[in-house]
Amino acid sequence: MSHQFKGTINLDVKDSTEDWGAFLAKKAPQGAPNVLVVLYDDTGCAAWSPYGGRVQMPTMDRLAQNGLTYTQWHTTALCSPTRSTFLTGRNHHQNGFASISETALGFPGYSSHIPPENAPMATVLRDAGWSTFWVGKNHNVPVDEWTMGASKKNWPLGMGYDRFYGFIGGETNQWYPDLAEDNHYTAQPYQPEDGYHLSKDLADKALEFIRDSKQTEPDKPWYLWFCPGANHAPHHAPQDYIDKYKGVFDDGYEAYREWVLPRMIERGILPDGTELTPLNPMPEGTFTPGDLVRPWDSLSEEEKSLFCRMAEVFAGYSEYTDAQVGRIIDYLDKSGQLDNTIVFYCADNGASGEGSPNGSVNENKIFNSYPDRMEDNLPLLDKLGSPDTYNHYPTGWAAAFSTPYRMFKRYTYQGGIADPLVISWPAGISARGQVRHQYHHCTDIVPTILDCCGVPMPKFVAGAEQTPLPGISMKYSFDADPDTPTRKVTQYYEMFGQRGIWHKGWKAVTEHGPMSGRGDFGTDTWQLFHTDADRSEAHDLAARHPDKVEEMKALWYAEAGRFDVLPLNSYPMTGPGVLEFFSRQYHVATPKTGTYTYYPGTSEVPEHSAANTHLGSFKILAEVTIADAAAQGVIFAQGSRFGGHAMFLKDGKLVYTYNFLGIGDEQQFVADAPAPGTYILGMEFIKQGVGTYQEPTGTTRLYINDTMVAEGPMKTMPIQFSLCGEGLCIGYDGGDAVSRAYTTKFDFTGGEIAHVTFDVADETYLDAETRLAALLSRD
């Protein structure tokens with residue numbers, strides 16, 4: 001019961017008094033606001049128009065003119081960790097999100113499992129009388145719970161949300177997304193050729209959720225967490241939005257930095273005298289080479305053209321998504337809800353440097369420690385932003401869009417943690433079009449929302465005693481004097497081994513790049529910045545104030561002890577070390593037999609929970625009945641055109657194809673399809689070595705029963721087919737197609753697939769087939 005029963009109960013119902021109040025849901029306080037949080041990915045302060053950037057954001061501009069723009073709001077430097085703070089209000093290590101879900105490790109601060117003592121804010125608001133919706137990216141489901149057979153307690157509906165529609169994991173193809181609705185995976189509603197783009201689809205669903213709620217509970221407020229895939233790679237956008245930016249970035253990223261800083265100062269985003277930091281500010285050996293920026297004047301004219309187009313695509317992607325947010329804002333305005341809706345419009349970390357110094361036409365390369373080469377990138381200049389690419393701009397634009405700060409995403413310098421934030425609430429904020437300079441952090445968002453809604457954080461939720469919220473409400477800044485001092489005192493930072501601590505206007509940072517491969521954390525050099533006077537962290541004062549450095553270091557270790565920060569991650573982004581790091585992440589345990597069996601008529605299996613075919617030899621055997629000579633379709637598929645493998649029947653041929661990071665021609669093994677009947681259709685890869693970038697190399701053989709029908713050399717991707725999504729499918733190809741030989745889905749017809757077995761045991765193909773036949777004979 002919601003409340004104590006206050007009616008009367010007698011023998012006869014006619015003599016009894018009911019009390020509906022004991023059972024009906026609690027109502028929100030009279031006049032309580034709606035809450036809309038719009039959380040973008042991978043965007044530095046210098047990108048967007050409200051902060052002086054060239055990427056036009058009309059909806060965000062509108063909200064900024066009707067509200068407040070924050071100049072010192074900070075995040076954790078990475079997406080999953082920041083998003084966990086929006087979920088619970090606790091620091092990211094407290095939530096088990098030291099890193100992204102996909103790279104979770106078995107330590108309290110790294111597990112990607114939010115403990116029950118850190119209850120989600122949505123649970124609190126729902127219990128207090130709000131409808132709660134989550135639309136878009138969900139990067140906070142533990143990677144071991146992505147499967148359909150796993151518990152759903154850490155999916156949105158188990159975290160206090162009434163409805164969910166979006167995608168699970170760090171990114172997804174914007175043209176062919178891997179979608180989930182509520183507690184199950186689902187297909188996209190229509191295709192790109194019919195006008196589909198994920199940002200549009202998400203806005204459609206957000207409007208549906210709000211309208212459905214208001215139709216039946218018109219007085220009930222709602223909370224919507226709207227998380228588009230933008231501006232995370234892949235940068236995909238409609239061509240007309242890309243074309244809007246033709247030539248806008250032709251002066252290059254170094255000129256952009258010089259251009260945008262005065263505009264940021266003019267708008268009051270940065271104080272007079274703020275200085276530009278160096279483009280490559282860290283000493284050699286303290287950071288990973290993949291984070292270098294190539295000087296603009298060292299590029300060829302072809303390279304400059306490519307890099308400029310990559311920025312144009314990013315800008316079009318961002319503005320197109322802003323237009324979809326604008327549809328939501330327009331609806332709220334027309335329906336009379338906007339005035340009492342508090343809107344937070346923000347990003348989860350700095351601009352992304354994951355495109356490498358050369359940019360990328362396939363971001364999966366970075367996730368497989370494989371270099372982006374100009375000879376692969378240049379031919380695809382005119383296809384950037386389309387379904388044919390999985391593109392990401394180079395590190396130079398990450399530095400430019402993080403102007404004037406050092407570095408970008410993943411770094412605990414300002415370039416990784418300083419982010420845009422606009423707050424609009426016409427009914428609750430009288431100030432219009434002003435800036436606020438108080439220092440704040442993403443852990444302050446939940447306390448602010450609860451404060452504005454008049455809802456206290458409960459001491460107990462679902463029987464679990466709650467940890468105190470480490471953040472503070474920002475509400476005091478809404479109508480205060482713009483120069484009112486911040487009420488924030490301390491905030492620690494840590495990401496992939498780089499550490500930082502801010503305290504009362506001072507900040508200390510280790511000169512130790514994330515995933516640089518360096519250990520020896522005890523010997524780190526700490527830099528010291530007086531951020532009250534030096535917003536861009538241009539001047540290291542450590543030599544002048546050694547006592548202050550020691551004070552800040554001691555404070556960092558104290559905060560690390562409070563919030564489960566240790567151990568620190570010393571793994572590199574490249575070479576054998578990254579393979580070791582990957583091996584320590586969660587993967588489904590290998591059965592004693594070394595075999596995994598999958599069946600048709602099922603949802604795709606996420607990669608971390610599927611058989612791992614990346615590091616060594618493997619075999620795949622499918623029992624298939626071919627009913628007629630016209631049988632065709634996918635037998636199994638995993639991955640996409642940007643990296644994956646599949647077996648299929650088409651045009652009378654049996655084909656096994658391995659698409660190595662979308663580079664060059666597919667590695668195909670082809671034979672005539674057998675006559676109607678029941679067969680074991682199989683393949684084996686025999687690893688015989690590794691290439692320059694740790695990619696396994698060897699020989700692949702294609703079989704029909706025990707007869708080898710094709711053979712040849714092959715190389716495989718060393719780490720993963722994708723960061724997330726594009727899982728293993730039986731009888732169809734979900735998401736983007738692996739092979740150019742067929743289109744999406746390509747369901748198997750004209751026969752029946754009994755099952756598909758993946759075998760990673762150390763035995764020959766023929767031994768595996770014999771063992772499989774023996775197992776099947778016992779079924």
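See the structure shown above.
> Account for the environment of Arg701, naming residues and giving values.
Mapped onto the secondary structure, Arg701 falls in strand 25 (residues 696–704). Taking the relative accessible area as the measure of exposure, Arg701 reaches 26% and is therefore partly exposed. With near-sequence residues (within four places) excluded, Arg701 lies in contact with Gly682, Met683, Glu684, Ile686, Met708, Ala710 and Glu711.

> I'd like a rundown of the sheet that holds strand 27 (residues 729–730), residues and numbers included.
Within the open sheet, the five strands sit side by side as 23-22-21-20-27. Their pairing is antiparallel. Two strands bound the open sheet, and with one partner strand each, they are strand 23 (667–672) and strand 27. The sheet contact formed by strand 20 (residues 633–640) and strand 21 (residues 643–650) spans seven bridges and is antiparallel. When the bridges of strand 21 are listed, Val634 appears paired with Phe648.

> Any details on the environment of His197? Residues and values, ideally.
With respect to the helices and strands, His197 occurs in the loop between strand 6 (184–186) and helix 4 (198–216). Accessibility expressed as a relative area gives 1% for His197, which makes it buried. Between the alpha carbons of His197 and Gln638 there is a distance of 22 Å; along the sequence they are 441 residues apart. Leave out the neighbours within four places in its chain, and His197 touches Gln174, Trp175, His236, Ala237, Pro238, Tyr317 and Tyr320.

> Give me the lowdown on the packing of helix 4 against helix 7 (residues 301–334), citing residues and values where you can.
Viewed as axis vectors pointing N to C, helix 4 and helix 7 meet at an angle of 15°, and their least axial separation amounts to 9 Å. One element, helix 4, and the other, helix 7, form an angle in the roughly parallel class. Here helix 4 runs over helix 7; the crossing is right-handed. Where helix 4 approaches helix 7, its residues Ser199, Lys200, Ala203, Asp204, Ala206, Leu207, Ile210 and Arg211 are matched on the opposing element by Tyr320, Thr321, Gln324, Arg327, Ile328, Tyr331 and Leu332.

> Let's hear about the side chain of Gln667: which residues, and what values?
Mapped onto the secondary structure, Gln667 falls in strand 23. On the basis of relative accessibility, which here comes to 16%, the residue Gln667 falls in the buried class. Engagement of the side chain of Gln667 in a polar contact is seen with the backbone nitrogen of Lys715, the distance being 2.8 Å. Filtering out sequence-adjacent residues up to four positions away, Gln667 remains in contact with Tyr656, Thr657, Tyr658, Phe660, Pro713, Met714 and Lys715.

> Which residues make up the sheet that holds strand 24 (residues 677–690), and what values do they have?
The sheet built from six strands is open, its strands ordered 18-28-19-24-25-26 with antiparallel pairing. Edge positions in the sheet fall to strand 18 (595–598) and strand 26 (707–715), since each has one partner strand and no second. Averaged over neighbouring strand pairs, the angle between their axes works out to 15° when direction is ignored. The pairing of strand 24 with strand 25 spans nine bridges and is classified as antiparallel.

> Outline a nonpolar patch on the surface, supporting the account with residue identities and numerical values.
Side chains of Trp20, Phe23 and Leu24 sit close together on the surface and give an oily, nonpolar patch of about 370 Å² of accessible area. Assignment of secondary structure puts Trp20 in the segment before strand 1 (34–40). Take Trp20: its relative accessible area is 58%, and that puts it in the exposed class.

> Can you tell me about unusual backbone geometry, naming the residues and giving the values?
In this model, Ala230 is joined to Asn231 through a cis peptide bond whose omega is 0°. Relative to the helices and strands, Asn231 is located in the loop between strand 7 (222–227) and helix 5 (239–243). Cis rather than trans, the peptide bond between Thr403 and Pro404 has omega equal to 0°. Within the element layout of this structure, Pro404 appears in the loop between helix 9 (395–401) and helix 10 (414–417). Here the phi dihedral of Asp42 falls at roughly 50°; this positive angle occurs in a residue that is not glycine. As for its placement among the helices and strands, Asp42 is situated in the loop between strand 1 and helix 1 (58–65). Positioned with a positive phi, Asp651 is a non-glycine residue whose angle comes to about 55°. Here Asp651 lies in the loop between strand 21 and strand 22 (653–659).

> If you had to explain helix 6 (residues 253–266) to someone new, which residues and values would you point to?
Here helix 6 is 14 residues long and its end C-alpha atoms lie 20 Å apart, about the 20 Å a rise of 1.5 Å per residue gives. Along helix 6, the residues classified as buried are Tyr253, Tyr256, Arg257, Val260, Leu261, Met264 and Ile265. Against helix 7 and helix 9 lie the buried residues of helix 6. Looking at the residues trailing helix 6, positive phi occurs at Gly268, about 85°.

> Help me get a handle on the pairing of strand 16 (residues 506–510), residues and values and all.
Burial within strand 16 is extensive, with five of its five residues counted as buried. Both faces of strand 16 are covered, namely the face carrying Trp506, Ala508 and Thr510 and the face carrying Lys507 and Val509. For strand 15 (residues 498–503) and strand 16, the ladder comprises four bridges, and the chain directions are antiparallel. From the neighbouring strand, His503 faces strand 16, where its bridge partner is Trp506. Here strand 15 folds back onto strand 16, and the loop between the two strands holds two residues, one of which, Lys504, carries a positive phi near 50°. Bridge count for strand 16 against strand 17 (residues 526–530) is five bridges, and the pairing is antiparallel.

> Talk me through the side chain of Arg257; I want residue IDs and the actual numbers.
With respect to the helices and strands, the residue Arg257 is situated in helix 6. Summary of buried charges: Arg257 has no salt-bridge partner, and the nearest side chain of opposite charge, Glu258, is 6.4 Å away.

> Give me the pairing of strand 2 (residues 68–74): which residues, what numbers.
Counting buried residues in strand 2 gives seven out of seven residues, a clear majority hidden from the surface. Taken together, the five bridges between strand 2 and strand 9 (residues 418–424) define a ladder with antiparallel strand orientation. Bridge assignment links Thr69 to a residue of strand 9, and that residue is Val422. One ladder, built from three bridges, connects strand 2 with strand 10 (residues 434–436); its direction is parallel. For Tyr70, the partnering residue across the bridge sits in strand 10 and is Arg436. Bridging between strand 2 and strand 11 (residues 440–441) involves two bridges; their strand directions are parallel. Along strand 11, the bridge assignment pairs His74 with His441.

> Kindly report on helix 11 (residues 445–453), identifying the contributing residues and their values.
Across the nine residues that make up helix 11, a large majority, eight, are buried. Looking at the residues trailing helix 11, positive phi occurs at Gly454, about 70°.

> Tell me about the nonpolar core, and please be specific about residues and values.
Among the nonpolar cores identified, the biggest contains 86 residues, and Leu36, Phe226, Tyr345 and Trp397 are the most heavily contacted of them. In terms of residues, this core owes the most to one element, helix 7, which gives 14 residues. Ranked by size, the runner-up nonpolar core spans 69 residues in total, among them Ala32, Ala77, Phe164 and Tyr439.

> Explain the packing of aromatic side chains to me, using residue names and the numbers behind them.
Enumeration over the complete set of coordinates arrives at 46 aromatic pairs. The interplanar angle of 90° and the centroid separation of 5.5 Å between the aromatic rings of Tyr253 and Trp397 together place this pair among those described as edge-to-face. With a gap of 144 residues between them, Tyr253 in helix 6 and Trp397 in helix 9 connect regions that are remote in the sequence. For Tyr253, a relative accessible area of 0% puts it in the buried group. Residue Trp397 is classed as buried on the basis of its relative accessible area of 0%. Arranged with centres 5.2 Å apart and planes meeting at 15°, the rings of Tyr742 and Phe746 form a pair that is stacked.

Parameters at a glance
- Residues numbered from 1 in each chain as written.
- Predicted model: local features only at pLDDT ≥ 70, side-chain atom pairs only at ≥ 80, totals over all residues.
- Heavy atoms only, no water.
- Helix = DSSP H or I, 4+ residues; strand = E, 2+ residues; numbered from the N terminus.
- Buried < 20%, exposed > 50% of the residue type's maximum accessible area, 1.4 Å probe, protein only.
- Contact = heavy atoms within 4.5 Å.
- Pairing = 2+ DSSP bridges.
- Axes fitted to C-alpha atoms, helices over the stretch in contact; angles between N-to-C directions.
- Parallel < 35°, antiparallel > 145°, perpendicular 65-115°, else oblique.
- Left-handed = near helix turned anticlockwise from the far one by under 90°.
- Polar contact = N/O pair within 3.5 Å; in protein donor to acceptor, adjacent residues only side chain to side chain.
- Patch = residues over 30% accessible without salt bridge, like charges linked within 9 Å, V, L, I, M, F, W, Y side chains within 5 Å.
- Areas by Shrake-Rupley, 256 points an atom, 1.4 Å probe, with all protein chains shown as cover.
- Salt bridge = Lys/Arg side-chain N within 4 Å of Asp/Glu carboxyl O.
- Expected span 1.5 Å × (residues − 1).
- Lys, Arg positive; Asp, Glu negative; His and termini not counted.
- Core = buried A, V, L, I, M, F, W, Y, C linked by side-chain atoms within 4.5 Å.
- Phe/Tyr/Trp six-rings, centres within 6.5 Å; stacked < 30°, edge-to-face > 60°.

As far as function goes, none of this settles anything; it's purely spatial.
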